[in-house]
Amino acid sequence: MLLLDEISMGPAPIIVAHLYELVAAIAAGGVTAIAVEQFAETALGVADRAAIMLHGRVAHAGTPEEMADAAQSAYL
């Protein structure tokens, strides 16, 4: 299992894109990867499942497509 916390915070966008390519490759190799990410768009691009947490609890869970829609309503 690979646990990641906010890997998009700090590096340049091109580095973040490369990091998520690496995460996708690792996951494709059979390793479970869990990422906590404030900027969800990039993470959703490589995810099989996703969840949105509000106030420390899972408020929504589903496919990346479902969570992209839910994130818009949850945070706007």
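All values reported here derive from a predicted model rather than from experimental measurement.

### Overview of the overall build of the protein
Next up, step 1: Helices and strands together make up the secondary structure of the protein, namely three helices and four strands.
Next up, step 2: Mapped in sequence order, the helices and strands of the protein form the string β-α-β-α-β-β-α.
Next up, step 3: Against the 2.2 N^0.38 benchmark of 11 Å for 76 residues, the protein shows a C-alpha radius of gyration of 12 Å, consistent with a compact globule.
Next up, step 4: Considered along the principal axes of its C-alpha atoms, the protein spans approximately 30 × 30 × 20 Å.

### Concerning a nonpolar patch on the surface
Next up, step 1: A cluster of nonpolar side chains, namely Met1, Leu3 and Ile34, defines an oily patch on the protein surface of about 360 Å² accessible area.
Next up, step 2: Residue position: Ile34 is located in strand E2 (residues 33-36).

### Looking at the pairing of E2
Next up, step 1: With four bridges connecting them, strand E1 (residues 2-5) and E2 associate as parallel partners. Residue pairing across strands places Leu4 opposite Ala35, the latter belonging to E2.
Next up, step 2: Crossover E1 to E2 through helix H1 (residues 13-28) is right-handed.

### A few points about the environment of His60
Next up, step 1: Inspection of the secondary structure puts His60 in strand E4 (residues 57-62).
Next up, step 2: Along the chain, His60 and Ala71 lie eleven residues apart, while their C-alpha atoms are 8.8 Å from each other.
Next up, step 3: When residues no more than four places from it in sequence are discounted, the contact partners of His60 are Ala50, Ala51, Ile52, Met67 and Ala70.

### Notes on unusual backbone geometry
Next up, step 1: The residue Glu6 is not glycine, and still its phi comes out positive at about 55°.
Next up, step 2: Its place among the elements puts Glu6 in the loop between E1 and H1.

What counts, and at which threshold
- Residues numbered from 1 in each chain as written.
- Predicted model: local features only at pLDDT ≥ 70, side-chain atom pairs only at ≥ 80, totals over all residues.
- Heavy atoms only, no water.
- Helix = DSSP H or I, 4+ residues; strand = E, 2+ residues; numbered from the N terminus.
- Rg over C-alpha atoms; globule rule 2.2 N^0.38 Å.
- Patch = residues over 30% accessible without salt bridge, like charges linked within 9 Å, V, L, I, M, F, W, Y side chains within 5 Å.
- Areas by Shrake-Rupley, 256 points an atom, 1.4 Å probe, with all protein chains shown as cover.
- Salt bridge = Lys/Arg side-chain N within 4 Å of Asp/Glu carboxyl O.
- Pairing = 2+ DSSP bridges.
- Right-handed = clockwise from strand over helix to strand, strands pointing away.
- Contact = heavy atoms within 4.5 Å.

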